[in-house]
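# Structure at a glance
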2 protein chains.
Amino acid sequence: MNNFDYLVPTEIFFGKGQIKVLGENIKKYGSRVLLVYGGGSIKKNGIYDDVIKILKDNAISFWELPGVEPNPRVTTVRKGIEICRENSIELVLAVGGGSTIDCSKVIAAGYYYKGDSWDIVVDPGKISKVLPIASILTLSATGSEMDENAVITNWETKEKIGTAHQEMQPKFSILDPTYTFTVPKNQTAAGTADIMSHIFENYFSKTTSAFVQNRMAEAMLKTCIKYGKIAIDDPQNYEARANLMWTSSLAINGLLSEGKETEWTVHGMEHELSAIYDITHGVGLAILTPNWMKYALSEDTVDKFTEYGINVWDIDSSKDKYTIANEAIQNTRDFFNSLGIPDTLAKVGINEENFEVMAKKATKWGTIGRFKPLEAKDIVNIYNASL
Amino acid sequence: MNNFDYLVPTEIFFGKGQIKVLGENIKKYGSRVLLVYGGGSIKKNGIYDDVIKILKDNAISFWELPGVEPNPRVTTVRKGIEICRENSIELVLAVGGGSTIDCSKVIAAGYYYKGDSWDIVVDPGKISKVLPIASILTLSATGSEMDENAVITNWETKEKIGTAHQEMQPKFSILDPTYTFTVPKNQTAAGTADIMSHIFENYFSKTTSAFVQNRMAEAMLKTCIKYGKIAIDDPQNYEARANLMWTSSLAINGLLSEGKETEWTVHGMEHELSAIYDITHGVGLAILTPNWMKYALSEDTVDKFTEYGINVWDIDSSKDKYTIANEAIQNTRDFFNSLGIPDTLAKVGINEENFEVMAKKATKWGTIGRFKPLEAKDIVNIYNASL
């Protein structure tokens with residue numbers, strides 16, 4: 001096991017009705033709030049009204065930044081920072097999924113940064129201080145509610161880049177599974193694929209000595225496999241929504257990654273796709289993942305895939321190791337298909353036109369990944385296999 | 001899944017050589033430290049010298065409280081509080097295992113409490129403020145390095161009672177697996193049994209909807225089963241020591257317990273044993289656990305034991321459910337035997353003399369447990385089965 005530092009100071013209020021703690025917890029940090037949200041679904045399902053009522057009841061002043069995009073833009077970040085500065089905001093409250101929370105994080109960090117906010121996306125080292133952030137989660141997917149990461153898109157330069165800072169971990173997050181009851185089937189599917197992809201990026205690694213991390217990753221994969229389809233077929237199934245929600249947070253808060261090498265190649269490849277084509281992140285991940293697995297499978301990696309097949313998919317361990325590995329990969333694809341996620345890039349309107357450009361951008365700082373290092377040509381191959 | 005609040009603000013510095021961060025991290029809280037430790041093993045293995053050197057190099061003043069007992073006494077807590085008050089201590093630094101950390105926690109809480117410190121053990125509600133606590137872990141067992149709990153023994157009243165307060169979570173803990181290389185075989189065995197018992201107390205529950213928690217518990221049980229024996233046979237096996245150490249912290253920091261009913265009956269029964277007989281906590285737990293399992297097995301609970309057998313011990317799922325359950329229980333006993341832990345109370349010098357008294361004390365606030373509620377007579381039966 002490798003050395004690590006682990007610190008997750010985010011307080012999680014999990015369960016039905018936990019919105020009740022919102023007022024008192026905001027007031028620990030101030031009484032001037034920027035309320036950040038997305039396309040307006042929170043107005044349809046009543047969450048917006050609940051939040052506004054609590055803010056008013058607690059005499060908390062608030063300003064609004066609606067319309068955060070599914071792949072949040074740096075232009076929206078800039079707007080948010082302006083509102084914060086004009087109104088001496090004391091806490092940024094994200095109500096939504098990962099995009100809204102990510103956008104809020106960079107607004108909170110950008111508030112203290114003198115230059116343009118794209119700088120702190122490109123270079124997290126430029127982040128020094130961050131306004132307190134809180135979140136009310138409405139989509140189980142990115143884990144942004146309990147981690148220090150944010151991914152922002154620059155539509156002018158067609159770049160989608162991740163940044164991170166310890167102070168960007170939310171002070172508290174409210175996770176009420178009933179808030180995800182109205183999430184449409186396709187977004188539930190994409191969210192589940194996103195959670196699984198985070199687990200895969202942490203799981204596929206040569207650090208076999210991180211045994212407890214690897215077994216916990218399998219525990220979380222089993223949870224997604226059990227509940228992903230249930231949440232789609234029965235959207236108000238509390239047990240399914242609750243397990244997916246808590247797993248989304250645990251999958252990427254360090255529990256599975258600390259102490260080992262991690263991979264993060266499929267995310268790198270997908271960010272290039274959605275930077276140009278603005279597709280749903282989880283869909284891109286689901287399309288690429290089984291093709292990445294096939295490409296990564298070799299004499300050097302087969303034991304890990306075999307472990308995955310036996311421990312996650314309960315494949316008979318007496319079978320030949322390549323048989324187990326290939327069955328596990330096929331099961332992964334079949335599972336994503338069962339959620340109704342498109343299985344080729346063509347089906348989401350992407351052709352080979354930009355493969356070379358995207359592959360080059362994904363590897364601009366060199367090969368990516370350590371379990372299966374990828375150069376630009378490897379990425380083109382995986383894109384092609386995904387067509 | 002039940003509602004829960006989850007917050008673990010302890011920063012973990014994990015791995016070889018992490019002691020290097022001690023000075024800078026203490027200085028975030030002050031420069032007057034109470035150094036708490038146990039029977040002196042840290043003087044033999046060099047950890048004491050390393051700590052003292054860092055304190056001196058960082059101009060940190062320190063006072064010492066050595067000799068904390070394996071079942072730490074309230075008399076020692078009182079001594080510690082006195083030193084803290086006399087010297088305006090700013091941080092309590094525990095160097096040792098769970099006993100030392102538990103003792104340090106109650107010293108830190110008692111510092112601000114005007115009455116006798118036994119009061120805050122009996123009634124955690126009386127704790128208001130707590131001095132900052134840090135720990136350097138030298139034994140993988142109790143998880144006290146990353147939780148809010150402390151267990152203290154009153155030798156006069158023959159009581160061993162647990163207390164807890166959120167502020168008693170250490171500010172930071174240094175977990176260097178090499179610091180456990182010199183732990184004797186019997187203590188490594190008892191520590192492993194203690195970790196497993198924490199997992200069992202969280203695992204055996206009727207809250208089947210807490211799926212991800214239950215699968216993570218199995219992941220951690222597998223870790224203990226894989227590495228417990230290795231650490232005993234090969235004490236300097238870093239991989240084994242590292243996995244046991246990190247699992248000891250994760251097993252009881254809320255990850256496995258939040259969102260579900262938990263049991264905590266074997267701990268209740270064992271505390272009565274060690275309050276009177278001063279036996280090693282983990283040994284008492286290992287003796288009682290399989291007998292508790294046999295006693296708890298019924299039509300009402302067999303499915304959970306079957307799940308345990310299949311998922312943890314890889315028992316063939318096509319077998320009859322009682323066969324699976326009983327095999328799993330026998331495997332648990334065999335595993336503890338393989339670690340060299342005594343398997344009866346008689347072997348640690350305990351006879352039936354105090355069974356009735358202890359059972360009555362364990363149930364003084366009513367039946368204990370919810371998976372298998374136990375009255376005094378049930379506890380006597382389990383003690384008798386353990387003779």
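Structural data are supplied above this passage.
Throughout what follows, the structure given in this document is the object of discussion. (Residues numbered from 1 in each chain as written. Chains lettered and ligands numbered in written order. Predicted model: local features only at pLDDT ≥ 70, side-chain atom pairs only at ≥ 80, totals over all residues. Heavy atoms only, no water.)

## Here's the deal with the overall build of chain A
Filter applied, for reference: Per the convention used, a helix needs a DSSP run of H or I reaching at least four residues, while a strand needs a run of E reaching at least two, with both numbered from the N terminus. Only protein chains enter the accessibility calculation, which uses a 1.4 Å probe; a residue whose area is less than 20% of its type maximum is buried, one above 50% is exposed, and one in between is partly exposed. Residues are treated as being in contact if the distance between any of their heavy atoms lies within 4.5 Å. Using a 1.4 Å probe, the Shrake-Rupley method yields the accessible areas, and only the shown protein chains count as cover for residues. Only four residue types enter the charge count, namely Lys and Arg as positive and Asp and Glu as negative; His and the chain termini do not. Just so you know, the charge point we use is NZ for Lys, CZ for Arg, CG for Asp and CD for Glu.
On a plain count of helices and strands, chain A comes out with 15 helices and 8 strands. In chain A, which comprises 387 residues, the share counted as buried stands at 62%. Put simply, of all contacts in chain A between residues at least 6 apart along the chain, 77% involve residues at least 24 apart. Of the roughly 13700 Å² of accessible surface on chain A, a fraction of 48% belongs to carbon and sulfur atoms. Across chain A, 40 positive and 49 negative side-chain charges occur, with their mean positions spaced 3 Å apart.

## Structural notes on the interface of chain B and chain A
Note the threshold: By definition, the buried area sums, over both parts, the 1.4 Å-probe accessible area that each loses when the two are put together. What counts as a salt bridge is simple: a side-chain nitrogen of Lys or Arg found within 4 Å of a carboxyl oxygen of Asp or Glu. Polar contact criterion, stated in full: a pair of N or O atoms within 3.5 Å, where within protein one must be able to donate a hydrogen and the other to accept it, and residues adjacent in sequence count only if both atoms are side-chain atoms. By the convention adopted, Pro, Cys, Tyr, Trp, Phe, Met, Ile, Leu, Val and Ala count as nonpolar, Lys, Arg, Asp and Glu as charged, and the other residues, Gly among them, as polar. At least two DSSP bridges between two strands are required for those strands to pair.
Across the boundary between the two partners, chain B contributes 40 residues, which contact 40 residues of chain A. Interface of chain B and chain A: buried area, both sides summed, is about 3400 Å²; carbon and sulfur atoms make up 63% of it. Of all residues in chain B, the largest losses of buried area upon contact with chain A belong to Met1, Phe211 and Trp246 of chain B, amounting jointly to 17% of the total for that side. Seen at the junction of chain B and chain A, the total is 0 salt bridges. Counting every contact that joins chain B to chain A gives 16 residue pairs in polar contact (both at pLDDT 80 or more). Broken down by secondary-structure element, the contributors of at least two residues to the side of chain B that touches chain A are strand S1 (4-14), helix H8 (211-233) and helix H9 (238-250) of chain B. A class-by-class count of the residues in the side of chain B that touches chain A yields 22 nonpolar, 11 polar and 7 charged. Sheet analysis places strand S1 (residues 4-14) of chain A next to S1 of chain B, joined by 7 bridges and oriented antiparallel. Each residue of the ladder has a partner; that of Phe4 of chain A, found in S1 of chain B, is Phe14 of chain B.

## Topic: the side chain of His267 of chain B
All names here are of chain B. Here His267 lies in helix H10 (residues 266-277). Using a relative accessible area of 6% as the deciding quantity, one classes His267 as buried. For His267, the residues in contact, after removing those within four places along its chain, are Asp194, Ser197, His198, Glu201, His281 and Leu285.

## Structural notes on the packing of H10 of chain B against helix H11 (residues 281-296) of chain B
All names here are of chain B. For clarity, the threshold we go by: Angular values range over 0 to 180 degrees, each being the angle between N-to-C directions of two axes fitted as lines to C-alpha atoms, with helices fitted over their stretch in contact. In this scheme, roughly parallel covers angles under 35 degrees and roughly antiparallel covers those over 145, while 65 to 115 is roughly perpendicular and the rest are oblique. Note on convention: near helix rotated counterclockwise from far helix by under a right angle means a left-handed crossing. Clockwise means right-handed.
The interhelical angle for the contact between H10 and H11, taken along N-to-C directions, is 130°, at an axis separation of 9 Å. Our classification of the angle between H10 and H11 gives oblique. In terms of crossing hand, the pair formed by H10 and H11 is right-handed. Contacts between H10 and H11 involve Val266, His267, Met269, Glu270, His271 and Leu273 from the former and His281, Gly284, Leu285, Leu288, Thr289 and Trp292 from the latter. Class assignment of the residues belonging to the contact of H10 with H11 gives a composition of 6 nonpolar, 5 polar and 1 charged.

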